[in-house]
Amino acid sequence: MPVAASIHCLIVDDQQTIRSLVRSGLQELGFRTTFEANDGEEGLRQMLNRPIQLVISDYNMPKLDGLGLLRAVRAHPPIQKTAFIMLTGRADKDLVQRAVQFGVNNYLVKPFTVATLREKIEAVFGALQ
Amino acid sequence: MSQAATASTPAWEPDRGIAVELRKAHVIQGEFLVSDDPELVMTTILGSCVAACMRDPVAGVGGMNHFLLPGVSGSEGLRYGVQSMELLMNALLRRGARRERLEVKLFGGGRLITGLTDVGSQNAAFAEQFVRDEGLAHAGGSLRGDRARRIQYWPVNGRARQVFLAAAESKVFAADRRRPAAPPPEDSGALELF
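Read on for a plain summary of the structure. (Residues numbered from 1 in each chain as written. Chains lettered and ligands numbered in written order. Predicted model: local features only at pLDDT ≥ 70, side-chain atom pairs only at ≥ 80, totals over all residues. Heavy atoms only, no water.)

Some thoughts on the overall build of chain A
What counts here: What counts as a helix is a DSSP run of H or I of at least four residues, what counts as a strand is a run of E of at least two, and both are numbered from the N terminus. Relative accessibility decides the category of a residue: with a 1.4 Å probe and only protein chains considered, values under 20% of the type maximum give buried, values over 50% give exposed, and everything between is partly exposed. In what follows, a contact means two residues having at least one pair of non-hydrogen atoms within 4.5 Å. Here the Shrake-Rupley method, with its probe set to 1.4 Å, supplies the accessible areas, and only the displayed protein chains count as covering residues.
Helices and strands together make up the secondary structure of chain A, namely six helices and five strands. Start at the N end of chain A and walk to the C end: the helices and strands fall as α-β-α-β-α-β-α-β-α-β-α. For chain A, the residues scored as buried account for 51% of the 129 residues in total. Partitioning the intrachain contacts of chain A with sequence separation of at least 6 by distance along the chain shows that 62% fall at a separation of at least 24. Summed over its atoms, the accessible surface of chain A is roughly 5,900 Å², and 48% of this surface lies on carbon and sulfur atoms.

This is how it looks when you write it as structure tokens:
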């Protein structure tokens with residue numbers, strides 16, 4: 001089975017349109033199991049209730065933002081080793097630096113192509129196929 | 001995408017019967033702007049591009065973007081529009097707006113040149129779909145048609161004014177889109193208020 005098909009991915013973003021774009025990109029890359037959450041709180045709840053190997057999370061979200069979610073994930077031993085990729089805007093260099101301090105595995109600058117999505121995921125998991 | 005700059009221009013305000021210092025900000029393609037200044041009017045000129053005018057009436061903050069999908073099919077093309085809408089929404093949320101209170105007026109998406117791919121209609125369809133998918137309140141506007149239009153938007157009270165450019169000016173505008181931005185042409189055509 002290709003690597004991508006074995007990875008369960010959680011997409012966390014408050015915009016349904018962006019979740020759809022990320023999901024369709026993941027499907028192109030061979031991902032078969034994706035879950036979605038509206039914000040960091042819902043994302044954390046899902047992570048504590050089902051096996052997730054990869055989180056792709058936006059930063060700007062209500063309730064719990066992407067950085068808060070990252071910190072919470074790294075603070076919960078059962079899920080603290082989950083791969084975490086942060087979605088950022090072009091002007092978010094400070095955010096990327098803070099996310100690196102909190103243990104983010106990679107970041108993805110919007111708008112991004114499927115090729116870039118693949119590149120960022122493969123930097124964490126190795127070749128997907 | 002960057003934020004637009006503002007400039008002050010003396011203007012006649014018929015509602016007040018006095019001349020006031022009207023602050024204007026022109027939003028060009030690829031830019032967005034948000035403000036809580038009730039005296040500021042945001043302007044743009046649209047051909048096949050679309051501008052989303054978005055505000056939170058309770059927080060008293062609003063903004064405008066101006067985008068054009070690159071004509072690439074599927075998600076590769078949509079991502080530019082999504083990015084533009086997200087930047088505008090996030091800037092509003094940072095200024096105190098609440099997502100569930102946002103109301104949106106959509107303008108543009110015209111087809112200025114017949115015979116070519118109807119990029120304007122694609123832009124309009126994307127904007128409408130985005131508003132539906134995100135559950136935002138669609139408060140009106142004016143999409144499609146065959147004329148360029150000049151838009152003025154007051155971000156705090158949500159008032160929008162559209163002036164269609166004359167057919168000849170629309171063609172000139174369409175031809176000029178590949179050149180550097182020029183000053184807005186004089187008004188002509190019908191006036192519509194929203």
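From this point, the discussion proceeds with the structure in view.
Things to note about unusual backbone geometry
Here the bond from Lys110 of chain A into Pro111 of chain A is cis, since omega is -5°, no more than 30 degrees from zero. Although it is not a glycine, Lys63 of chain A adopts a positive phi angle of roughly 65°. Relative to the assigned elements, Lys63 of chain A resides in the loop between strand 3 (54-58) and helix 4 (66-75). Although it is not a glycine, Arg144 of chain B sits at a positive phi angle of roughly 70°. Note on placement: Arg144 of chain B falls in the loop between strand 9 (137-143) and strand 10 (149-153).

Looking at the pattern of salt bridges
Pairs can form between side chains of opposite charge whenever their charged atoms are close. All names here are of chain B. The cut-off we apply is this: Counted as salt bridges are all cases of a side-chain nitrogen of Lys or Arg within 4 Å of a carboxyl oxygen of Asp or Glu.
Scanning the entire structure with this criterion turns up 14 salt bridges over all chains. The partner of Arg23 in a salt bridge is Asp37, and the shortest N-O contact between them spans 2.7 Å. In this pair, Arg23 sits in strand 3 (residues 18-26) while Asp37 sits in the loop between strand 4 (31-35) and strand 5 (40-46), placing the two residues 14 residues apart along the sequence. For Asp37, a relative accessible area of 19% corresponds to the buried category.

Examining the sheet that holds strand 3 of chain A
Residues and elements named next belong to chain A. For clarity, the threshold we go by: Strands are labelled as partners when DSSP assigns at least two bridges between them. Axes here refer to lines fitted to C-alpha atoms; in helices the fit is confined to the stretch in contact. Angles between the N-to-C directions go from 0 to 180 degrees.
Reading across the sheet, the five strands line up as 2-1-3-4-5 and stay open at both edges, with parallel pairing between neighbours. Strands at the two margins of the open sheet, each flanked by one partner only, are strand 2 (33-37) and strand 5 (106-109). On average, adjacent strands in this sheet sit at an angle of 20° to one another, irrespective of strand direction. Bridge count for strand 1 (residues 8-12) against strand 2 is five bridges, and the pairing is parallel. Bridge pairing in strand 2 links His8 to Thr33. Against the sheet, helix 3 (residues 40-49) engages strand 1, strand 2 and strand 3, with an angle of about 140° to strand 2. Helix 6 (residues 114-125) rests against strand 3, strand 4 (83-88) and strand 5 of the sheet, and its axis sits at about 175° to strand 5.

Topic: the packing of aromatic side chains
The cut-off we apply is this: Centre distance within 6.5 Å is the pairing criterion for rings of Phe, Tyr and Trp, where only the six-membered ring of Trp is used; planes under 30 degrees apart are then read as stacked, over 60 as edge-to-face, and the remainder as tilted. The rule is short: NZ of Lys or CZ of Arg within 6 Å of the ring centre and within 35 degrees of the ring normal puts a charge over the ring.
Summed over the entire model, instances satisfying the criterion amount to two aromatic pairs over all chains. Ring centres of Phe67 of chain B and Phe126 of chain B lie 5.6 Å apart, and the angle between their planes is 90°; on these two criteria the pair is classed as edge-to-face. Note that Phe67 of chain B is positioned in the loop between strand 7 (61-65) and helix 1 (75-94) and Phe126 of chain B in helix 2 (residues 119-133), a separation of 59 residues in sequence. Taking relative accessible area as the criterion, Phe126 of chain B reaches 7% and is therefore assigned buried. Here the aromatic cluster, defined as three or more aromatic residues joined through ring pairs, consists of Phe67, Phe126 and Phe130 of chain B. For Lys120 of chain A, the ring lying beneath its charged end belongs to Tyr107 of chain A, and the centroid distance is 4.7 Å.

Considerations on the interface of chain B and chain A
Cut-off, in case you're wondering: Defined in terms of a 1.4 Å probe, buried area is the accessible area two parts forfeit on being brought together, summed over both.
Opposite the 16 residues of chain B that make contact, chain A presents 16 residues. Here chain B packs against chain A, burying approximately 1,400 Å² in sum over the two surfaces, 48% of which is carbon and sulfur. Area buried by chain B at its contact with chain A is led by Arg79, Gln83 and Glu86 of chain B, which between them contribute 35% of it. Here chain B is connected to chain A by two salt bridges. Close ionic contact of Lys110 of chain A with Glu86 of chain B constitutes a salt bridge, the shortest N to O distance being 2.5 Å.

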